[in-house]
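Residues per chain are reported as follows:
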Amino acid sequence: GTFKPDKEINRAELTKIVVEIMVGNPGPTYNNCFPDVKNEWFAPYVCYAEVSGWIDGYPDGTFKPANNTNRVEAIKIILNAFFGGKENIPEIQPVSDMPSDADPEEWYYPFLQFAISKDLLDLQHITYYVVSSYNYHGDENMTRKEVAEMLYRLMHTFTPAEI
């Protein structure tokens, strides 16, 4: 009966939350979509998200549902679900104050740039070095409260027609 806001969130938990918000319980017909996702409690959510193109597995073909989700992975999953894939995310405007530890050449950069440009992130954990330089720590695990904050901000920033 507790939320445990500072607990790190794993891939199965995050996927369930996002699918529940977007479509509710997808039902038992969604299962066996990864070698490590068969018919466990999270299988319908993971398999629905996989079929919908919201999530990917790892290069070895697994999903690793028990792995904690780092910040940039969580941002990608959440934005893909809300907008129906990267190609549907509204145009990303360049952001001048991107974190120093964000690499423009990495897969996550457009997702992070969008989230920062729309003020969707809880930034309590960032490290400031000088006024104009900070690190986001995107490779560190996301907590339940960070997910809740991002989902809240997304749902209050975009209308249903935009999602």
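Presented here is an overview of the structure given in this document. (Residues numbered from 1 in each chain as written. Predicted model: local features only at pLDDT ≥ 70, side-chain atom pairs only at ≥ 80, totals over all residues. Heavy atoms only, no water.)

1. Side note on the side chain of Arg71
Mapped onto the fold, Arg71 is located in helix H3 (residues 71–83). There is a polar contact of 2.7 Å between the side chain of Arg71 and the side chain of Glu146. (Helix = DSSP H or I, 4+ residues; strand = E, 2+ residues; numbered from the N terminus. Polar contact = N/O pair within 3.5 Å; in protein donor to acceptor, adjacent residues only side chain to side chain.)

2. Some details on helix H4 (residues 109–117)
The buried fraction of H4 is high, at seven of nine residues. Turning to H4, its buried residues are Tyr109, Phe111, Leu112, Gln113, Phe114, Ala115 and Ile116. Of the residues flanking the end of H4, it is Asp119, one or two places downstream, whose phi is positive at about 55 degrees. (Buried < 20%, exposed > 50% of the residue type's maximum accessible area, 1.4 Å probe, protein only.)

3. Overview of unusual backbone geometry
A positive phi is found at Asn32, a non-glycine position, where the angle reads about 55 degrees. Structurally, Asn32 can be placed in the loop between helix H1 (11–23) and helix H2 (43–51). Among the residues examined, Asn32 registers a relative accessible area of 49% and is labelled partly exposed. Positive phi outside glycine occurs at Asp119, with the angle close to 55 degrees. The residue Asp119 is located in the loop between H4 and strand E1 (127–130) in this model.

4. Topic: the state of the cysteines
Inspection of every chain in the model, using the stated rule, returns one disulfide. Between Cys33 and Cys47 runs a disulfide, and the two sulfur atoms are separated by 2.2 Å. Of note, the bridge from Cys33 to Cys47 carries an S-S torsion of about -85 degrees and is left-handed in sense. Here the residue Cys33 occupies a position in the loop between H1 and H2, and Cys47 occupies one in helix H2, the gap between them amounting to 14 residues. Judged by its relative accessible area of 2%, Cys47 is buried. (Disulfide = S-S within 2.5 Å.)

5. So, helix H5 (residues 144–157)
Helix length check: H5 (14 residues) gives 20 Å between terminal C-alpha atoms against 20 Å at 1.5 Å per residue, within 8%. Of the positions making up H5, those classed as buried are Arg144, Glu146, Val147, Met150, Leu151 and Leu154. What you see down the axis of H5 is that its buried residues fit within an arc of 165 degrees, all on one side. Taken together, the buried residues of H5 touch H1, H3 and H4. (Expected span 1.5 Å × (residues − 1). Arc of directions from axis to C-beta. Contact = heavy atoms within 4.5 Å.)

6. Quick word on the pattern of salt bridges
Under the counting rule described, the total for this entry stands at nine salt bridges. Across the salt bridge formed by Lys76 and Asp56, the nearest N and O atoms sit 2.7 Å from each other. Here Lys76, found in helix H3, pairs with Asp56, found in the loop between H2 and H3; they are 20 residues apart in sequence, far enough to count as distant. On the basis of relative accessible area, Asp56 is assigned to the partly exposed category, the value being 44%. A salt bridge links Glu146 to Arg71, with the shortest nitrogen-to-oxygen separation between them at 2.7 Å. On the criterion of sequence distance, the pair formed by Glu146 in helix H5 and Arg71 in helix H3 is long-range, its members being 75 residues apart. Judged by relative accessible area, Glu146 falls into the buried class, the value being 4%. On the basis of relative accessible area, Arg71 is assigned to the buried category, the value being 4%. (Salt bridge = Lys/Arg side-chain N within 4 Å of Asp/Glu carboxyl O.)

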